[in-house]
Amino acid sequence: MDAALESWFAANGRDLPWRRTRDPYAVLVSEVMLQQTQVERVIPRYLRWLERWPTAATLASAAPGDVIREWQGLGYNRRALSLHRAAQAIAAHGWPEDLTELPGVGAYTAAAVRSFALGEPVLPVDTNVRRIQERTGHAFAPPAGQALMDLGATICLARVPRCDSCPLAAGCPSRGRRYEPLRKQSPFEGSFRQRRASTLRLVAAAPQRLEELDAEAVAALARDGLVRVEDDLVALPL
Ligand code: SF4
C-alpha cells in the first residue's frame, strides 16, 4: 500500500508553500495556521507572515498587538499569541527536545514539525490520516504523512470517499462504503465565537471605548490576553 500511495502522491500531491522548506519555524507557522483554518485560506497568510517575520527571532521581538492584527481573518486568535510565545521561547532557549513544551504545540503539531522539517521517522496523525488508517487497517510508514493528508483531503473523504480514484482501493476492506454525516460544527453566525471575533476586529483596527463594545466578548478576550482594558478604553496588548 505504501508504494501505491507513493506513486499516487508523486503524480497528484499538492504543491503547498510549506512543503518547499525544511525550516522548522516556517513549518511550525504553517501547522499552527492549519490547525483550524483551511489550506486555501492559509496559503496567502502564511506567505505574508513569513515575509514579515521570517525567523522565530523576528517574530519574538514583534509587539503582541501586531501579531494579533496580522492574524485577523484566520480565526481562533489565541493561536496567534501561542505562536508568538513559542517564538519567544525558541529565540531565548532554542528548540526544546520535546516540542510539546512550546505554547500551542500539541502532539500532532510536534510530530508534523519533527517529520516535515527535521525529517524524523514519525507519522503525524491528523483526522485525515487517522481516517485512512482506520478504513484500510494498514500501518503506514512515517514518510507517508503528506501523501496520506492529500489522499484524505481529496479522495478518502469523510462521507463519500472516491474509491474509484483511490490508489489503495485494491487492498482496502472499506472500499465502496458510505459514511453517516459527521456532526455539523455549530454555526459561526450568531455564536459567541463570532461576537469575540468581531469585537477583536474592531479593537485591532483602533482602540475602542468599552461602553460601545460587547462587554462579555471583551471580558473573554481580556482573559485570553488578546485585549487589554484601561479605564474605559479597550486596546490590543502592547
Ligand atoms: S478505497 Fe475508499 S475507503 Fe479505502 S482508502 Fe481508498 S477512498 Fe478510502
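Definitions and limits used
- Residues numbered from 1 in each chain as written.
- Predicted model: local features only at pLDDT ≥ 70, side-chain atom pairs only at ≥ 80, totals over all residues.
- Heavy atoms only, no water.
- Axes fitted to C-alpha atoms, helices over the stretch in contact; angles between N-to-C directions.
- Helix = DSSP H or I, 4+ residues; strand = E, 2+ residues; numbered from the N terminus.
- Parallel < 35°, antiparallel > 145°, perpendicular 65-115°, else oblique.
- Left-handed = near helix turned anticlockwise from the far one by under 90°.
- Contact = heavy atoms within 4.5 Å.
- Nonpolar A, V, L, I, M, F, W, Y, C, P; charged D, E, K, R; others polar.
- Pairing = 2+ DSSP bridges.

Draft legend 1. Quick peek at the packing of helix α5 (residues 64-71) against helix α6 (residues 78-93). α6 packs onto α5 with a crossing angle of 135° between their chain directions and a minimal axis gap of 9 Å. The angle between α5 and α6 places the two elements in the oblique class. Considering only the axes of α5 and α6, their crossing is right-handed. Contact with α5, carried on its side by P64, V67, I68 and W71, involves R79, A80, L81, L83 and H84 of α6 and no other residues of that element. When grouped by side-chain class, the residues that make up the contact of α5 with α6 number seven nonpolar, one polar and one charged.

Draft legend 2. Structural context of the environment of A217. Its location among the elements puts A217 in helix α11 (residues 215-223). Taking C-alpha positions, A217 is 6.8 Å from T199, a pair spaced 18 residues apart along the chain. When residues no more than four places from it in sequence are discounted, the contact partners of A217 are F192, R195, R196 and T199.

Draft legend 3. Here's a closer look at the sheet that holds strand β1 (residues 208-209). In spatial order, the strands read β1-β3-β2; together these three strands make up an open sheet with antiparallel pairing. The open sheet has two edge strands with one neighbour each: β1 and β2 (228-230). Across three bridges, β2 lies against strand β3 (residues 233-235) in antiparallel orientation. Pairing of R228 across the sheet is with A235, part of β3.

Limitation: the analysis is restricted to geometry and does not speak to function.
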